[in-house]
Amino acid sequence: MTPATRQEVLGLYRKILRIAKNWQSASGQIEETMREKEYIRNEARTLFRKNKNVTDPKLIKQCIEECEARIEIGLHYNIPYPRPIHLPPMGLAHKQGRMLRHQEKLRKISKPIYLKSHDEVS
């Protein structure tokens, strides 16, 4: 990891911790705000620790992009949780054979960047 990339990653981590410190839930309830603050800190801690040994520059760039996307979406919608995608369950494929494998491949490819690590952690 280059020093510039290291500084960018550390800056993102600090930014997330600042967001968690100042976070207010949409409902304004103290209990919900505290739960969401804790979720933000735990999610950041878990994902950053999971990826601390990543050395591939392309993978590091992808992780940084995912982090930035989740920050922007969280701030815009005022929810700390990743927004789910809604695809019809196997709506386009037959129930067997090549079409099913093709549909599964399309689902995997079409997953938004902000959900790439969510299924692995949660």
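Conventions used here
Residues numbered from 1 in each chain as written. Predicted model: local features only at pLDDT ≥ 70, side-chain atom pairs only at ≥ 80, totals over all residues. Heavy atoms only, no water. Phe/Tyr/Trp six-rings, centres within 6.5 Å; stacked < 30°, edge-to-face > 60°. Helix = DSSP H or I, 4+ residues; strand = E, 2+ residues; numbered from the N terminus. Buried < 20%, exposed > 50% of the residue type's maximum accessible area, 1.4 Å probe, protein only. Core = buried A, V, L, I, M, F, W, Y, C linked by side-chain atoms within 4.5 Å. Contact = heavy atoms within 4.5 Å. 1 Å grid on protein atoms, 1.4 Å probe; cavity = no way out; pocket = protein on both sides within 12 Å on 5 of 7 lines; lining within 4 Å. Points joined across faces, edges and corners; volume = space filled by probe spheres on them. Nonpolar A, V, L, I, M, F, W, Y, C, P; charged D, E, K, R; others polar. Expected span 1.5 Å × (residues − 1). Arc of directions from axis to C-beta. Salt bridge = Lys/Arg side-chain N within 4 Å of Asp/Glu carboxyl O.

As enumerated under the stated definition, the model contains two aromatic pairs in all. Between Y13 and F48, the aromatic rings sit 4.8 Å apart at their centres with planes inclined by 65°, giving edge-to-face as the arrangement. Here F48 lies in helix α2 (residues 30-50) and Y13 lies in helix α1 (residues 3-22), a separation of 35 residues in the sequence. Overall, the relative accessible area of 24% leaves F48 in the partly exposed class. Between the aromatic rings of Y39 and Y81, the centroid separation amounts to 4.6 Å while the plane-to-plane angle is 55°, which identifies the pairing as tilted. Taken as a pair, Y39 in helix α2 and Y81 in the loop between α3 (57-77) and α4 (97-109) lie far apart in primary sequence, 42 residues in all. On the basis of relative accessible area, Y81 is assigned to the partly exposed category, the value being 35%.

Soluble globular proteins tend to bury their nonpolar side chains together. The biggest cluster of nonpolar side chains holds 13 residues, and the ones touching the most others in it are L12, I16, I40, I64, C67 and I71. At the level of elements, α1, α2 and α3 are the ones that each hand at least two residues to this core. By residue number, the principal contributor to this core is α1, which donates five residues. If we skip the residues at most four places from it in the chain, I40 touches I16, A20, W23 and P80.

What the largest pocket holds in volume is close to 720 Å³. Lining of the largest pocket is provided by 34 residues; of these, I16, A44, L47, F48 and C67 occupy positions nearest its centre. Of all the secondary structure elements, the ones that give two or more residues to the lining of the largest pocket are α1, α2 and α3. Counting residues per element, the lining of the largest pocket draws most heavily on α3, at ten residues. Per-class residue counts for the lining of the largest pocket are 26 nonpolar, three polar and five charged.

For α2, which comprises 21 residues, the first-to-last C-alpha distance of 30 Å matches the rise-based estimate of 30 Å (1.5 Å per residue) to within 8%. Considered for burial, the residues of α2 that qualify are T33, E36, K37, Y39, I40, E43, A44 and L47. Each buried residue of α2 lies within a common arc of 155° when the element is viewed along its axis, so the set occupies one face. Exposed residues lying more than 90 degrees from the buried face of α2 are I30, E31, R35 and R49.

In this structure the tally under the stated criterion is three salt bridges. Ionic pairing is found between R41 and E38, a salt bridge with its closest N-O pair at 2.9 Å. Placement of the pair is R41 and E38 together in helix α2, with a separation of three residues, close to one helical turn. When its relative accessible area of 35% is taken as the criterion, E38 is described as partly exposed. Between E43 and R70 there is a salt bridge whose closest N-O contact spans 3.1 Å.

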